[in-house]
Amino acid sequence: MPFSTIRRVFIIESFLEYFTAALDRMPNLKMFISCAMPGDRVFHYEGYPLQADLYIVNENSQIIGGNKGFFRFMIPILIQQPRIKSLYWADERPDSSLFNLNPEAPHAFSALTSIDLCISHFEKGDLDTVVHFLSKAEELRNLSLCFERTSPKSGRELVEDVLLWYQWPHLTSLQLGGIQLPSSMLGRFCRRHSRRLRHLTFFMCKVTVPDLVQLRGTPNLELASITIRSDNDESTLFLPQERILPFVNMASSVIIGADGEPIPHNSRYEIRTEASIYDHRTCSTAAYFDSKLNKFKHAYYNTDLKEIKSDGEGSPDEGDEGEFKDSQEKTYWTWRKLEPFSDETYYWQVDNAELAKAETTFWEFTNRNGLKAYGEDPLEYFSDWDSDAGDVATPTPYCLELQEYSCTFSGIRRESPPPEGAHRYNRHFNPWLTTNSN
């Protein structure tokens with residue numbers, strides 16, 4: 001075994017001893033959190049301060065695995081110390097690491113009463129591992145599953161497994177996010193848990209009136225709350241839960257709309273009870289929409305960001321925005337998934353705004369000494385920036401919309417090759433996300 005490997009194993013084993021000793025001094029600790037560190041966190045490497053978001057931008061995207069501290073340190077503690085009752089997990093990388101759970105240690109979840117998993121991309125063959133661990137959480141009271149960075153189909157398959165086959169006798173709260181809602185299976189799940197289930201929450205799910213009709217048919221279901229957060233879209237009906245609960249609990253035969261009239265049971269309108277809130281401080285490398293740790297505010301679509309910016313919240317100081325952008329020639333971008341049955345996204349420049357999906361708002365800055373940075377203004381990184389001295393600003397397509405698109409699966413066959421000048425997008429590397437994570 002190489003010396004570097006031996007040294008690393010020694011460091012890990014030594015730290016586990018210190019970690020266990022530290023936890024012994026915190027008898028009131030009840031929750032473990034495994035997620036990416038905040039982008040503005042500063043740590044030291046070989047004597048130099050390094051900010052977390054800079055490390056993330058330059059990390060090798062080919063390196064697989066994340067949340068390694070969870071597997072090396074938290075799992076052994078979960079097995080040894082049943083006093084840990086809550087687990088919050090958000091994948092650190094674009095491909096989920098949750099499926100690295102050791103099948104030989106299924107009882108790591110057995111004492112948990114609250115499990116909150118925000119899961120990145122995964123393959124169908126990985127389902128059994130997670131479901132197996134969840135099934136061992138016999139004391140579970142609160143379960144939250146969100147799939148904000150995987151395809152709706154993959155998330156649905158895992159949720160269907162959970163809804164169809166498993167029962168937790170103490171479950172009082174279920175939260176689902178980022179999936180196509182399997183309403184008929186949800187009805188069966190609620191039927192098995194109706195004795196204790198009191199709270200349902202859906203975010204980034206399409207919930208329609210027929211879905212609520214399915215829930216209404218559940219015997220003995222007495223919900224205390226039903227929360228539906230979704231994009232503020234024109235096709236979405238805003239209804240306070242006070243109008244929905246009596247219908248689902250069979251205390252009323254109709255849902256009264258905003259106009260005071262009953263809503264037809266076959267109406268295809270989407271329903272929401274609360275507006276979604278965009279939070280720019282969320283983790284940016286995986287589950288980057290997730291912000292449940294931040295006062296349970298959730299980030300969904302860009303419309304919410306625009307609303308907040310129009311109110312002045314989270315906006316730069318007046319006079320700071322747009323100075324560099326206004327001095328640059330406008331460039332535009334579009335993107336598409338082009339290869340047959342491929343999940344690869346290609347982007348390229350287009351000539352005018354009518355053909356574009358986005359205008360350049362983010363540049364790659366290269367100064368005269370070859371140093372690079374990404375951002376909206378070179379003066380944030382290079383105080384002596386001067387294009388006449390050889391400093392170069394290169395337009396990039398990086399933005400939230402491009403990342404959102406790349407994380408969807410179209411399933412559409414396109415035979416046309418990428419146009420000239422197109423580039424394959426690497427969704428593991430989008431500097432816009434890390435720059436806007438704080």
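Because the structure is predicted, anything quoted here is derived from the model rather than measured.

1. Some details on the state of the cysteines
Part 1 of the reasoning: Here the structure, examined in full by the defined rule, presents 1 disulfide.
Part 2 of the reasoning: There is a disulfide in this structure between Cys118 and Cys146, and the S-S distance comes to 2.4 Å. A residue pair is termed long-range when its members are at least 10 positions apart, and Cys118 in strand E5 (residues 114-118) and Cys146 in strand E6 (residues 142-146) qualify at 28 residues.
Part 3 of the reasoning: Overall, Cys118 belongs to the buried group, its relative accessible area being 1%.

2. Considering the nonpolar core
Part 1 of the reasoning: Counting 66 residues, the largest nonpolar core has Phe109, Leu117, Leu143, Phe202, Leu212 and Ile226 as its most contacted members.
Part 2 of the reasoning: The element contributing the most residues to this core is helix H3 (residues 68-80), with 6 residues.
Part 3 of the reasoning: Counting residues in hydrophobic clusters, the runner-up holds 13 residues, among them Phe362, Tyr374, Tyr425 and Leu433.

3. Section: the sheet that holds strand E16 (residues 362-366)
Part 1 of the reasoning: Spatially, E17-E16-E18 is the arrangement adopted by the 3 strands of the open sheet, whose pairing is antiparallel. Of all strands in the sheet, those with a lone pairing partner are strand E17 (372-375) and strand E18 (392-396), marking the two edges. On average, each strand axis in the sheet is tilted by 25° relative to the strand beside it, whichever way the strands run.
Part 2 of the reasoning: When E16 meets E18, the two strands line up antiparallel, connected through 5 bridges. When the sheet's bridge partners are listed, Phe362 is paired in E18 with Thr396.

4. Description of the side chain of Thr113
Part 1 of the reasoning: Inspection of the secondary structure assignment puts Thr113 in the loop between strand E4 (86-90) and E5.
Part 2 of the reasoning: Thr113 sits in the buried class, given a relative accessible area of 18%.
Part 3 of the reasoning: Excluding residues within four positions of it along the chain, Thr113 makes contact with Lys85, Glu139, Leu140, Arg141 and Asn142.

Analysis parameters
The residue count restarts for each chain, going from 1 along the sequence in the order it is written. It should be noted that, the model being predicted, local features are given only for residues of pLDDT at least 70 and side-chain atom pairs only at 80 or more, the latter also being counted only at that level, while totals for whole chains, interfaces and linings use all residues. Side-chain numbers here rest on the full set of heavy atoms in the structure, without hydrogens or water. Put simply, a disulfide is two cysteine sulfurs that come within 2.5 Å. Put simply, DSSP H or I for four residues or longer makes a helix, DSSP E for two residues or longer makes a strand, and each gets a number counted from the N terminus. For each residue, the accessible area found with a 1.4 Å probe, counting protein chains only, is set against the maximum for its type, and the residue is called buried under 20%, exposed over 50%, and partly exposed in between. Only buried Ala, Val, Leu, Ile, Met, Phe, Trp, Tyr and Cys residues count toward a nonpolar core, and they belong to the same one when joined by side-chain atoms within 4.5 Å. Any two strands with at least two DSSP-identified bridges between them are counted as paired. Convention adopted: a line fitted to C-alpha atoms gives each axis, helices being fitted over their contacting stretch, and angles between N-to-C directions are expressed from 0 to 180 degrees. Note on contacts: a residue pair qualifies if any of its non-hydrogen atoms lie within 4.5 Å across the two residues.

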